Amino acid sequence: MKEILAIIRPNKVSQTVKALEAVGFPALTIIKCFGRGKEKGYIDAYLPEGIDKEKIIEEGEKLGLKIKYIPKRMLSIVVNDEDVPLVIGIITKINRTGKPGDGKIFVIPTEEAIRIRTGEFGEEAIGN
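Each chain carries its own residue numbering, running from 1 in the written order of its sequence. With pLDDT at 70 or above as the cut-off, local features in this predicted model cover only qualifying residues; side-chain atom pairs require 80 or more to be listed or tallied, and sums for whole chains, interfaces and linings still use all residues. Each side-chain value is derived from all of the structure's non-hydrogen atoms; neither hydrogens nor water enter the calculation.

A. Local environment of the overall build of the protein chain. The way it works is that DSSP assigns letters per residue, a run of H or I at least four long becomes a helix, a run of E at least two long becomes a strand, and they are numbered from the N terminus. Looking only at helices and strands, the protein chain features four helices and four strands. Listed by position from the N terminus, the elements making up the protein chain come as β-α-β-α-β-α-β-α. Exposure categories follow from relative accessible area, calculated using a 1.4 Å probe and restricted to protein chains: below 20% of the type maximum is buried, above 50% is exposed, and the middle band is partly exposed. Buried positions account for 32% of the 128 residues belonging to the protein chain. Note on definitions: a residue-residue contact is assigned when non-hydrogen atoms from the two residues lie within 4.5 Å. Sequence separation of 24 or more characterises 80% of the internal contacts of the protein chain that already satisfy a separation of 6 or more.

B. Representation of the sheet that holds strand β2 (residues 29-35) in the model. One requirement defines pairing of two strands: DSSP has to find at least two bridges between them. The strand order across the open sheet built from four strands is β2-β3-β1-β4, with neighbouring strands paired in antiparallel fashion. Looking along the sheet, the strands with just one partner apiece sit at the ends: β2 and β4 (104-109). With strand direction ignored, the average angle separating the axes of adjacent strands in the sheet is 25°. Sheet analysis places β2 next to strand β3 (residues 70-79), joined by seven bridges and oriented antiparallel. Bridge assignment links K32 to a residue of β3, and that residue is R73. Across the face of the sheet, helix α3 (residues 84-95) comes into contact with β1 (2-8), β3 and β4 while running at roughly 5° to β1. Interaxial angle, 0 to 180 degrees, is taken between N-to-C directions of lines fitted to C-alpha atoms, where a helix line uses only the stretch in contact.

C. Focus on α3. Here α3 is 12 residues long and its end C-alpha atoms lie 16 Å apart, about the 16 Å a rise of 1.5 Å per residue gives. Elements that come into contact with the buried residues of α3 comprise β1, α1 (13-22), β3 and β4. The span expected for a helix works out to 1.5 Å for each residue beyond the first.

D. Spatial organisation of the nonpolar core. Membership of the largest hydrophobic core comes to 14 residues, with the highest contact counts inside it found for I4, V79, V87 and I91. The set of elements that each furnish at least two residues to this core consists of β1, α1, β3 and α3. With five residues, the single largest contributor to this core is α3. Aside from chain neighbours lying at most four places away, what touches V87 is I4, L20, F25, I77 and V79. Throughout, nonpolar core names a set of buried Ala, Val, Leu, Ile, Met, Phe, Trp, Tyr and Cys residues whose side chains join them through atoms within 4.5 Å.

E. Structural context of the side chain of T16. Within the element layout of this structure, T16 appears in helix α1. Look past the residues within four positions of T16 in its chain and what remains in contact with it is I8, L75, I91, I94 and N95.

F. Just the packing of α1 against α3, in detail. Following both chains from N to C, one finds α1 and α3 inclined at 150°, their axes separated by 10 Å at the closest point. It follows from the interaxial angle that α1 and α3 lie roughly antiparallel. Here the hand of the crossing between α1 and α3 comes out right-handed. Listed contacts from α3 to Q15, T16, A19 and L20 of α1 are V87, I90, I91, I94 and N95. Among the residues making up the contact of α1 with α3, the classes are represented as six nonpolar, three polar and no charged. Here is the rule for angles: anything less than 35 degrees is roughly parallel, anything more than 145 is roughly antiparallel, 65 through 115 is roughly perpendicular, and the remaining ranges are oblique. For any pair of crossing helices, the crossing counts as left-handed if the nearer helix is rotated counterclockwise from the farther one by less than a right angle, and right-handed if it is rotated clockwise. By the convention adopted, Pro, Cys, Tyr, Trp, Phe, Met, Ile, Leu, Val and Ala count as nonpolar, Lys, Arg, Asp and Glu as charged, and the other residues, Gly among them, as polar.

G. Looking closely at the pattern of salt bridges. Think of a salt bridge as a Lys or Arg side-chain nitrogen and an Asp or Glu carboxyl oxygen that are within 4 Å of each other. Taken as a whole and judged by the stated rule, the model has three salt bridges. A salt bridge links D81 to K2; the shortest N-O distance between them is 3.5 Å. Linking D81 in the loop between β3 and α3 with K2 in strand β1, this pair joins segments that are 79 residues apart in sequence. By relative accessible area, D81 is classed as partly exposed at 41%. For R9, the salt bridge is made with D102, and the minimal N-O distance between the two is 2.9 Å.

Read these as layout, nothing more, since geometry by itself doesn't imply function.
Printed below as a string of structure tokens:
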């Protein structure tokens, strides 16, 4: 099993979730987060039109962030090893714009999964 962590733009979450669900991966966790890449928080380069960058900066400052951090969403999904290329492919296809800020994907080994409700272990616990 592997955990796939994908850090993506907030406006791509719905489309990404729908695509993953359509191919049999409905179970995931989404976390609201802030971050920056090598552009060091330069938001003008990749914000979609119509987004108020001052509001984004203000939202970060409310959290005590002095440097410009960009709102992101982190998706966490645990899948069987053989499903990793499919899930990565879907996430990449939907989230690649070719502009800075498209995000990152990390693949992390997962030793065990336990479904608390039933006590199932391993592949049965992740239900994919």
